[in-house]
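So you can see what is in the structure, the chains are spelled out below.
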Amino acid sequence: MKLNVENISYSINSKLIVDGVSLDVEEGAFVGLVGPNGCGKSTLLKNIYKVYKPDSGAVYIDGKDISRMSNKETAHEMSVMQQENNVEFDMTVFDMVMLGRYSHQKMFSTDMLKEGNIVKDALAEVGMSGYEERSFLSLSGGEKQRTLVARALVQQADLIILDEPTNHLDIGYQYQIMNILKNQDLTVFSSIHDLNIASCYCDRIVLMKAGKIVDFGTPEEMFVPDKIRELFGVETQVNINPYTGRPNIVFIPAEALK
């Protein structure tokens, strides 16, 4: 499943937030979107998964313009995990994850036992077995996040879009979730705030600043001190992680530079 973004621009209250963004995510790739807060990452993702309608440009999945696809058709092709998930009414964890199956269900012909097993398998994969009957709103932030990852997985789409999927998770679950995502036979495009996690798991890195894509390449090409300084205004030392062979970013405190 290939994702193509062509010259997307989007404004809020006449302020340009996403400025002519074009990018390609190849089939089977795990691509990370990295940039400072407020640079337009979440807004770009919302344009891709149809929460927002671009001022100009288009998004294609395997050559199909998503603006011409119904929501159910889009859900067959692309699953989404948003950063904000404001739930106005409570439901069980099981029912929350089952929402990810709606595009697969047909009136009078859905095998609910099979559907339930798919949900239970996904909950087990994210470490949430036994939580099926718990109230979603009673969960901790990390438990909610893992439930929402399970909901994205049960959709069984070939492309998954994630907005900071490890947000609110402790370090153990951050790596567990990224391992789960990496081991799926999926095309993944995800914003990621932790540079070392992005380095460890992503095949390609997209750097974004002030609404524009400023660079794109491998973690080795993108995570170098000059580019990190330009993007975030911090000094770093970049080593090679002996276990992954990927860049490991060490942030240098300002007082150490005096």
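This text goes with the structure placed above it.
Below or above, wherever it landed, is the structure these notes cover. None of the values given here were measured: they were computed from a predicted structure.

### A look at the overall build of the protein chain
(1) Moving on: A count of helical and extended segments in the protein chain gives 9 helices and 12 strands.
(2) Moving on: For 258 residues, the compact-globule formula gives about 18 Å, and the C-alpha radius of gyration of the protein chain, at 19 Å, lands near that figure.
(3) Moving on: Burial status across the protein chain gives 46% buried among its 258 residues.
(4) Moving on: Carbon and sulfur atoms make up 48% of the accessible area of the protein chain, which amounts to about 12,800 Å² in all.
(5) Moving on: Across the protein chain, the 25 positively charged side chains and the 35 negatively charged ones have centroids separated by 3 Å.

### Comments concerning a negative patch on the surface
(1) Moving on: A cluster of acidic residues, Glu27, Asp62, Asp158 and Asp185, forms a negative patch at the surface.
(2) Moving on: With respect to the element layout, Glu27 can be found in the loop between strand S2 (15-25) and strand S3 (30-34).
(3) Moving on: Accessibility expressed as a relative area gives 61% for Glu27, which makes it exposed.

### Re a nonpolar patch on the surface
(1) Moving on: On the surface, a cluster of nonpolar side chains totalling about 240 Å² of accessible area is made up of Phe232, Val234 and Phe251.
(2) Moving on: Residue position: Val234 is located in the loop between helix H9 (225-232) and strand S11 (236-240).
(3) Moving on: Take Val234: its relative accessible area is 31%, and that puts it in the partly exposed class.

### Notes on the environment of Glu115
(1) Moving on: Tracing the sequence through the fold places Glu115 in helix H4 (residues 112-125).
(2) Moving on: For the pair Glu115 and Glu27, spaced 88 residues apart in the sequence, the C-alpha separation amounts to 27 Å.

### Re the sheet that holds strand S5 (residues 64-65)
(1) Moving on: Taken together, the 4 strands give an open sheet; going across it, the order is S2-S1-S4-S5, and neighbouring strands pair in antiparallel fashion. Of all strands in the sheet, those bounded by a partner on one side alone are S2 and S5.
(2) Moving on: Against the sheet, helix H1 (residues 41-48) contacts strand S1 (3-12), S2 and strand S4 (56-61), and its axis sits at roughly 120 degrees relative to S1.

### Considering helix H6 (residues 171-182)
(1) Moving on: Spanning 12 residues, H6 covers 17 Å between terminal C-alpha atoms, matching the ideal 16 Å at 1.5 Å per step.
(2) Moving on: The set of residues buried in H6 consists of Gln174, Ile177, Met178, Ile180 and Leu181. Projected down its long axis, H6 carries its buried residues within an arc of 155 degrees, all on one side.
(3) Moving on: On the buried face of H6, the contacting elements are S3, H4, helix H5 (141-154), strand S7 (159-163), strand S8 (187-191) and helix H7 (195-201).

### Let's talk about the sheet that holds S8
(1) Moving on: Within the open sheet, the 6 strands sit side by side as S6-S7-S8-S3-S9-S10. Their pairing is mixed. If you trace the sheet from one side to the other, it starts and ends with strand S6 (78-81) and strand S10 (212-217), each paired once. Between one strand and the next, the sheet's axes are offset by a mean angle of 15 degrees, whatever the strand orientation.
(2) Moving on: Pairing geometry for S3 and S8, over 4 bridges, is parallel. Bridging across to S8, Leu33 finds its partner in Ser191.
(3) Moving on: Where H1 meets the sheet, its contacts fall on S3, S6, S7, S8 and strand S9 (204-209), and the angle it forms with S7 comes to roughly 150 degrees.
(4) Moving on: Of the strands in this sheet, S3, S9 and S10 are in contact with H9, which crosses S9 at around 35 degrees.

### Concerning the packing of H5 against H6
(1) Moving on: Close contact between H5 and H6 brings their axes to 12 Å; oriented N to C, the two are set at 5 degrees. With respect to H6, the axis of H5 lies roughly parallel. Contacts between H5 and H6 involve Arg146, Val149 and Leu153 from the former and Tyr173, Gln176, Ile177, Ile180 and Leu181 from the latter.
(2) Moving on: Grouping the amino acids of the contact of H5 with H6 by side-chain chemistry returns 6 nonpolar, 1 polar and 1 charged.

### Let's talk about the pattern of salt bridges
(1) Moving on: With the rule as written, the count across this model stands at 9 salt bridges.
(2) Moving on: Lys2 is the salt-bridge partner of Glu26, the closest N and O atoms lying 3.6 Å from each other. Highlighted residues: Glu26 in the loop between S2 and S3 and Lys2 in the segment before S1, separated in sequence by 24 residues.
(3) Moving on: Its relative accessible area of 42% is what places Glu26 among the partly exposed residues.
(4) Moving on: Exposure remark for Lys2: the relative accessible area of 29% places this residue in the partly exposed category.
(5) Moving on: Put simply, Arg229 and Asp226 hold a salt bridge, and the shortest N to O gap is 2.9 Å. One end of the pair, Arg229, and the other, Asp226, are both in helix H9, 3 residues apart, so they sit about a helical turn from each other.

The rules behind the values
Residues numbered from 1 in each chain as written. Predicted model: local features only at pLDDT ≥ 70, side-chain atom pairs only at ≥ 80, totals over all residues. Heavy atoms only, no water. Helix = DSSP H or I, 4+ residues; strand = E, 2+ residues; numbered from the N terminus. Rg over C-alpha atoms; globule rule 2.2 N^0.38 Å. Buried < 20%, exposed > 50% of the residue type's maximum accessible area, 1.4 Å probe, protein only. Areas by Shrake-Rupley, 256 points an atom, 1.4 Å probe, with all protein chains shown as cover. Lys, Arg positive; Asp, Glu negative; His and termini not counted. Charge placed at Lys NZ, Arg CZ, Asp CG, Glu CD. Patch = residues over 30% accessible without salt bridge, like charges linked within 9 Å, V, L, I, M, F, W, Y side chains within 5 Å. Salt bridge = Lys/Arg side-chain N within 4 Å of Asp/Glu carboxyl O. Pairing = 2+ DSSP bridges. Contact = heavy atoms within 4.5 Å. Axes fitted to C-alpha atoms, helices over the stretch in contact; angles between N-to-C directions. Expected span 1.5 Å × (residues − 1). Arc of directions from axis to C-beta. Parallel < 35°, antiparallel > 145°, perpendicular 65-115°, else oblique. Nonpolar A, V, L, I, M, F, W, Y, C, P; charged D, E, K, R; others polar.

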